[in-house]
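Structural characterization, general
Listed below are the residues making up each chain.
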Amino acid sequence: MTAVPLPRQPSPPDPPGNRAAGATPVLALKELVARLNREQHKIQDLLSSLSFALRSFNNLNQFLELIPLMASRVTDSDGGALVLFRANGQVKVERLHCQDNRWAPDIRRALESAARKVTNSIISLPPSEAIVKSPQAIANLDVEISHYLGEEIQIFGASILVKKQERGRLYVFSRDPDYAWTEQRQKLVRLVADQTAVAIENDELTAELRKKERLDRELEIGADIQYRLLPRQCPKIDGVELAALCKTASRVGGDYYDFIPAAPTHPESQDQPDHWSVAIGDVMGKGVPAGLIMTMLRGMLRAEVLNRHSPARILQHLNQVMYADLENSNRFVTLFYSEYDPKTRILSYSNAAHNPPLLWQAATNTLRRLDTLGMLIGLEANTQYQDGQVQLASGDTIIYYTDGFTEAANQSGQQFDEENLAKAFQWACRHYSDPQQILKHLFDAVQGFVGEGKPNADDMTLVVMRITADNSLESGKLEADKPEASSVNSVD
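Residues numbered from 1 in each chain as written. Predicted model: local features only at pLDDT ≥ 70, side-chain atom pairs only at ≥ 80, totals over all residues. Heavy atoms only, no water.

**Concerning the environment of Leu111**
Within the secondary structure, Leu111 is located in helix α3 (residues 104-123). Classification of Leu111 by relative accessible area gives buried; the value is 2%. For the pair Leu111 and His147, spaced 36 residues apart in the sequence, the C-alpha separation amounts to 9.8 Å. If near-sequence neighbours (up to four positions away) are discounted, Leu111 is found in contact with Ala81, Val93, Leu96 and Ile145. (Helix = DSSP H or I, 4+ residues; strand = E, 2+ residues; numbered from the N terminus. Buried < 20%, exposed > 50% of the residue type's maximum accessible area, 1.4 Å probe, protein only. Contact = heavy atoms within 4.5 Å.)

**With respect to the sheet that holds strand β3 (residues 154-162)**
Read from one edge to the other, the open sheet built from four strands follows the order β2-β1-β4-β3, with strand pairing classed as antiparallel. The open sheet has two edge strands with one neighbour each: β2 (91-98) and β3. With direction set aside, neighbouring strand axes in the sheet form an average angle of 20°. Pairing of strand β1 (residues 79-85) with strand β4 (residues 165-174) involves six bridges; the strand directions are antiparallel. Each residue of the ladder has a partner; that of Ala81, found in β4, is Tyr171. Packed on one face of the sheet, helix α2 (residues 60-75) meets β1, β2 and β4 and runs near 55° to β2. Lying over the sheet, α3 contacts β1, β2 and β4, oriented at roughly 165° with respect to β2. (Pairing = 2+ DSSP bridges. Axes fitted to C-alpha atoms, helices over the stretch in contact; angles between N-to-C directions.)

**Section: the sheet that holds strand β7 (residues 276-283)**
Sheet architecture is open: five strands sit in the order β6-β7-β8-β9-β12, paired in antiparallel fashion. The sheet terminates laterally at β6 (255-261) and β12 (388-391), the two strands that pair on one side only. Each strand of the sheet is rotated relative to its neighbour by a mean of 15°, with strand direction disregarded. Sheet analysis places β7 next to strand β8 (residues 333-341), joined by eight bridges and oriented antiparallel. The residue of β8 that forms the bridge with Val283 is Val333.

**Let's talk about the side chain of Arg298**
Relative to the assigned elements, Arg298 resides in helix α6 (residues 287-305). Relative accessible area serves as the criterion here: at 18%, Arg298 is assigned to the buried category. Once you skip the residues sitting within four places of it in the chain, Arg298 turns out to touch Leu229, Tyr256 and Asp258.

**Concerning unusual backbone geometry**
Positive phi, close to 60°, is recorded for Ala353, a residue that is not glycine. Structurally, Ala353 can be placed in the loop between β9 (346-352) and β10 (358-361). Of note in the backbone geometry, Asp417 takes a positive phi value of approximately 55° without being a glycine. For Asp417, the position within the fold is in helix α9 (residues 417-431).

**As for the nonpolar core**
In this structure, Tyr256, Leu301, Leu335, Ile377 and Tyr400 are the most contacted members of the largest nonpolar core, which totals 45 residues. Those residues within four positions of Tyr256 in sequence are excluded, and the remaining contacts are Leu230, Ala279, Ile280, Gly281, Met294, Leu297, Arg298, Leu301 and Leu335. (Core = buried A, V, L, I, M, F, W, Y, C linked by side-chain atoms within 4.5 Å.)

Here is the structure:
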């Protein structure tokens, strides 16, 4: 007999409890992973949006509006608050966001009460203990905010640091008793706070840049005005050749030189002015303040020249007029003023403590310093000045200069000084007849002394005046009475 196998009996179904027990952990794990992925993507999207706003917003207030919202979203909390510290010590609740607007007024009142209390305590402190330097004041703010919000609200705060100074706090809070400030959430709050610090610093840097751009524009205008006020070219004076150059250390300088024509004796005359004034000066300091004083000096001097007074009287009047303004600005002016008569070749001059011009006399190959006694303009109201005169001859050459030449220093700290300038000037007068070549030689000599490519630390101005043989003196003309000009040792 052949055995026939019995049909296989189906297995009894699992009890409901057993089926559930095998399926739930897998589904729960998948749901947990999916939820974590969604949370991670949400956080990434929010932080990306914040970074985009940081790059795109030109208005800091627009960016700050997002901060409490972003901080509460990335941490799944009930709200956030941005508190900033002002330079005057005020603690200000800048922005507030609550998921439920119904309790936003209560949160704001609590935060502002805490801010006022800490502000009052800071204002009573000495200025040296400003909030940006007082960790205790910041700690007190955290305590006061926790106190006013109450125990039922959990709160976490992160510092907003700009250039190592705490400029504010970013707070995130929750009413959920089971809410936990995990390490991940704390990192996210700090990350948003750091983005806020970057936005604040960028805004301040932008403001500084705009301020610098405005200042640069003002300097450009000031430099242009000053350039236009200085002589654009040397005038044509009978029997005289001139060359001049001013190199400022900054865009606006305090050096000044000018050629001022005196009106002819007879207004109806078509001849050249019977006198020409040559002036050179130096306002103490550099930049815009010195440039403004230089501009004022130029206008007053040109007006004073029209009165046809002697050089000493002109300096005296100029000092009396400018004394009050210069005293208030704590600045002074050195000025050498001279008048040249082309018919007689007599140079009349007076000095207000400026570097004395050097005169090279062609006939004797010697140097003389043209100087008189006199104080700085603006130092004393009743300063008296002296007149001096010198008779010039064909080939004689004078250099007017500012202390930027003699005080130019090399890498060792040695100054070019007047002795080196005198040597270079005397050599140039022997080898060149063109004032422009003499001027170039002297500038090159100073540049070679301080070092090629090194910028000048102070304004440098030089005027070269050379007497030519084109003008003939009237017979019998003698040098006018004058104080004897001091001499510089001759350098062969």
